[in-house]
Amino acid sequence: MDQLVKQRSQALTALLVLAIIWGYNWVVMKSALQYAGPFQFAAMRTFFGALVLFLVLYVTRRSMRLTEFPTMLVLGLLQNVGFTGVLMWALVEGGAGKTAVLTYTMPFWTLLFAWPLLGERVHGWQWLAVISAVFGMLFIFDPLHIRADAFSMTLAVISGISWSLSVIMTKKLHRRHPELDLINLTAWPMLLGSLPMVVIAFLVPAPPILWETYLIGAILFNVVLCGAFAWLLWLFALQRLPAGVASMGSMLAPVIGVIAAWIQLGEVPDAMESIGMVLIAIALLVISWVTIREQPKSSKAL
C-alpha cells in the first residue's frame with residue numbers, strides 16, 4: 001500500500017511539473033514570436049521536436065517502423081499545421097492567456113466529434129460540459145461587441161478543433177493497432193507534419209529571424225522540455241494514474257497559462273472574458289470527472 005501511495009505521489013508530482021511546463025510555454029511562445037515569424041517558430045519546434053523523439057526511440061530501443069503512412073501523414077498535418085501552426089498564428093494576433101483557454105476547448109470538440117465519428121454518444125453530465133463550453137466561448141467572443149482580436153480567437157478555436165480531430169484519428173488508429181508504441185505514434189506524425197510546416201515557413205513572407213538568446217532558449221524549451229521531457233512525464237503519469245485523473249491534471253496548463261500571461265505580459269481578462277474562461281474551465285472539469293467515473297467501469301469490462 002505504501003509503495004502504491006508513493007507511486008501515485010510521484011505521478012501527481014510529474015503531472016504538476018508537466019502542467020507548469022505546458023502552461024508557462026504559452027508565455028514563452030508569445031514572447032519568442034518577437035524574434036521569429038509564427039510559421040518559422042512552428043517549423044523549428046515541430047521538426048527538431050521530431051528529431052528528439054526519434055532519438056528517444058533509438059535510445060530506448062523502441063520500434064521505429066512507420067505504420068499506416070496515409071493516416072500518419074493526415075495526423076501530422078492536423079497536429080503540426082492545423083494545431084501548432086494555427087495556434088502560433090493566433091498568438092501573433094492575440095493574447096497568450098485567451099489563446100490557451102480557447103485552444104484547450106479540445107476535449108469539448110472531441111466529445112462532439114466522437115459522436116458521429118466513433119459512435120460515442122454525448123450523455124448525462126456531458127451535456128452540462130457542452131452547454132458550459134458553448135456559453136464560455138460566447139462570453140469570450142462577446143458577439144454583441146466584436147473585438148479587435150476576434151480573428152485571433154477564431155484561429156485558437158480552429159487550433160483546438162484540429163487537435164481534437166487528431167485525437168479522434170489517434171483513437172481509431174489505436175483500435176486497429178493496439179500494440180503501437182505511443183512515442184512512435186507521436187514521432188512519425190510530428191516528422192511528417194513538420195515537413196509541410198517547413199515549406200510554409202519558407203513560402204510565407206516574414207522578417208528575418210533574430211537569433212537572440214531568448215529565441216534559442218525558447219526553441220530548446222519547446223523541443224526538449226515541452227517535447228521529449230514533457231512527453232516522458234505524461235507517459236510516467238499515465239502508467240500510475242487513471243486516464244481521467246491524468247487528463248484533469250493536464251487541464252491545469254491553460255490556468256497556469258492565463259496566470260503567467262497576466263503576471264508577465266500584463267494580459268488582464270475583462271469581466272466577460274473571465275466569465276467565459278470560468279465556464280470553459282467548468283466544462284473541462286466535468287469532462288474529466290465523467291472520465292474518472294467511467295474509468296472503473298471500463299476496467300471491469302476488460
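Every value quoted in this text rests on a predicted model; they were computed, and no experiment measured them.

Trainee: Requested: an account of unusual backbone geometry, with residues and values cited.
Mentor: We note that arginine 61 has phi near 60°; this positive angle belongs to a residue other than glycine. Residue position: arginine 61 is located in the loop between helix 2 (38-59) and helix 3 (69-93). Look at glutamate 68: it is not a glycine, yet its phi comes out positive at around 50°. Among the structural elements, glutamate 68 can be located in the loop between helix 2 and helix 3.

Trainee: Can you tell me about the layout of surface pockets, naming the residues and giving the values?
Mentor: The space that makes up the second largest pocket amounts to roughly 310 Å³. For the second largest pocket, the lining is made up of 18 residues, of which Val101, Pro254, Val255, Met277 and Ala281 are closest to its centre. Sorting the residues of the lining of the second largest pocket by element identifies helix 11 (252-265) and helix 12 (271-301) as the ones contributing at least two each. Of all the elements, helix 12 adds the most residues to the lining of the second largest pocket, at seven residues.

Trainee: Got a sec to walk through the packing of aromatic side chains? Specific residues and values, please.
Mentor: The full count for this structure, using the stated rule, is 12 aromatic pairs. When the ring of phenylalanine 39 is compared with that of tryptophan 89, the centres are 5.9 Å apart and the planes differ by 65°; the resulting orientation is edge-to-face. With phenylalanine 39 in helix 2 and tryptophan 89 in helix 3, this pair connects stretches of sequence that are 50 residues apart. Measuring from centroid to centroid gives 5.4 Å for tryptophan 89 and phenylalanine 151, while their planes differ by 80°, and the two rings are edge-to-face. One end of the pair, tryptophan 89, is in helix 3; the other, phenylalanine 151, is in helix 7 (residues 150-176), and 62 residues separate them in sequence. The structure contains a cluster of three or more aromatic residues connected by ring pairs, namely Trp26, Phe83, Tyr104 and Trp163.

Quick notes on the rules
Residues numbered from 1 in each chain as written. Predicted model: local features only at pLDDT ≥ 70, side-chain atom pairs only at ≥ 80, totals over all residues. Heavy atoms only, no water. Helix = DSSP H or I, 4+ residues; strand = E, 2+ residues; numbered from the N terminus. 1 Å grid on protein atoms, 1.4 Å probe; cavity = no way out; pocket = protein on both sides within 12 Å on 5 of 7 lines; lining within 4 Å. Points joined across faces, edges and corners; volume = space filled by probe spheres on them. Phe/Tyr/Trp six-rings, centres within 6.5 Å; stacked < 30°, edge-to-face > 60°.

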